[in-house]
Amino acid sequence: MTAIRKFPDLLPGFSWRDIEVNGVRIRTATGGNGPPLLMLHGHPQMHLTWHKVAPALAKRFTIVAPDLRGYGDSAKPEGGADHANYSKRAMAADLVGVMHQLGFERFMVVGHDRGGRVAHRMALDAPQAVEKLVLIDIAPTATMYARTNMEFARRYFWWFFLIQPAPLPERLISGDPDFFLESHIAGQIKIPGSVDPRVMAEYRRCYADPAMRHAA
């Protein structure tokens, strides 16, 4: 089992635990008081992506910030022949289970990027659990592929690279994981230097794991 890493300087007042659900282990940070708010990070990050806003929100809400399966310090099972173990449906079911284990049958959800797609699937599959939903920085995946043009393909090249069958992306990224990760993140960020170096170090640590690169 991965040792539980704690980040009190980045998420003051939060606690960390591992929650077993659906046969996987989900690393989860919680903090604050008030109505439950589940916060789902995007690709290729982990829960620390919320460190600039989660402490402020924790003044009004009980924040639950997990690492999606395959990311951060959560479990990273083999994807399977059709990669179904990393479907948005599987990820969403994990997180409904996490919230239920924490005592929250109904809750609000905010999701960014991949976390937004997981949150969307959650709202469709478990509408009884999702009280309110906020989706940040996403558009429907099928629509984006259907409307692909040269500009989109160049700007979001990893959409086309990462969908190639294993082990092609995994083998190529393994040549220099830090370079690929940092180039990817730099391509998404509009404000240079906005990622805290401590958070970037955690992104690099997690991405160094071949199992996370396979999950991604």
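Cut-offs and rules
- Residues numbered from 1 in each chain as written.
- Predicted model: local features only at pLDDT ≥ 70, side-chain atom pairs only at ≥ 80, totals over all residues.
- Heavy atoms only, no water.
- Pairing = 2+ DSSP bridges.
- Helix = DSSP H or I, 4+ residues; strand = E, 2+ residues; numbered from the N terminus.
- Axes fitted to C-alpha atoms, helices over the stretch in contact; angles between N-to-C directions.
- Contact = heavy atoms within 4.5 Å.
- Phe/Tyr/Trp six-rings, centres within 6.5 Å; stacked < 30°, edge-to-face > 60°.
- Buried < 20%, exposed > 50% of the residue type's maximum accessible area, 1.4 Å probe, protein only.
- Lys NZ or Arg CZ within 6 Å of the ring centre and 35° of its normal.
- Core = buried A, V, L, I, M, F, W, Y, C linked by side-chain atoms within 4.5 Å.
- 1 Å grid on protein atoms, 1.4 Å probe; cavity = no way out; pocket = protein on both sides within 12 Å on 5 of 7 lines; lining within 4 Å.
- Points joined across faces, edges and corners; volume = space filled by probe spheres on them.
- Nonpolar A, V, L, I, M, F, W, Y, C, P; charged D, E, K, R; others polar.

Across the sheet, six strands lie side by side as β1-β2-β4-β3-β5-β6; this open sheet has mixed pairing. Across the chains shown, the open sheet's two edge strands, defined by having one partner strand only, are β1 (15–21) and β6 (130–136). For this sheet, the mean angle separating the axes of adjacent strands, direction not counted, is 25°. Where strand β5 (residues 107–112) meets β6, six bridges bridge the pair, whose relative direction is parallel. When the bridges of β6 are listed, Val109 appears paired with Leu133. Contacts from helix α2 (residues 88–101) reach β1, β2 (24–32), β3 (36–40), β4 (62–66) and β5, with the element oriented near 115° to β1. Lying over the sheet, helix α3 (residues 114–125) contacts β3, β5 and β6, oriented at roughly 145° with respect to β5.

What follows concerns the packing of aromatic side chains. Counting across every chain of the model gives eleven aromatic pairs. Ring geometry for Phe157 versus Trp158: centroids 5.4 Å apart, planes at 75°, classification edge-to-face. Exposure remark for Phe157: the relative accessible area of 40% places this residue in the partly exposed category. Taken together through their ring pairs, the aromatic side chains of Tyr145, Phe152, Tyr156, Phe157, Trp158, Trp159, Phe160, Phe161 and Phe180 make up a single cluster. In this structure, Arg155 is placed above the aromatic ring of Tyr156, and the distance from its NZ or CZ to the ring centre is 5.0 Å.

For the rest of this paragraph, the subject is the nonpolar core. By size, the foremost hydrophobic cluster in this structure holds 57 residues, and its most contacted members are Leu38, Leu40, Ile63, Phe107 and Met122. Broken down by element, this core gets its largest block of residues, six residues, from α2. Apart from residues no more than four positions distant in its own chain, Leu40 is found in contact with Trp50, Pro66, Leu68, Leu95, Val109, Val110, Gly111, His112, Gly115, Val118, Ala119 and Met122.

Looking now at the pairing of β4. In terms of residue burial, β4 counts as a mostly covered element, since five of its five residues are buried. Where burial is concerned, the two faces of β4 agree: the one with Thr62, Val64 and Pro66 and the one with Ile63 and Ala65 are both buried. Two strands pair when backbone bridges link them, and β2 and β4 are joined in this way by five bridges, in the antiparallel orientation. Along β4, the bridge assignment pairs Thr30 with Val64. Sheet analysis places β3 next to β4, joined by three bridges and oriented parallel. When the sheet's bridge partners are listed, Pro36 is paired in β4 with Thr62.

Bringing the environment of Ala123 into the picture now. In this fold, Ala123 is placed in helix α3. Spatially, the C-alpha atom of Ala123 lies 35 Å from that of Ser174, the residues being 51 residues apart in sequence. Not counting the four nearest positions on each side in its chain, Ala123 is found in contact with Val130 and Leu133.

All right, on to the layout of surface pockets then. There is about 150 Å³ of room inside the second largest pocket. Along its surface, the second largest pocket is lined by Lys88, Arg117, His120, Arg121, Leu124, Ile138, Ala139, Pro140 and Thr141. Of the residues assigned to the lining of the second largest pocket, the class counts are four nonpolar, two polar and three charged.

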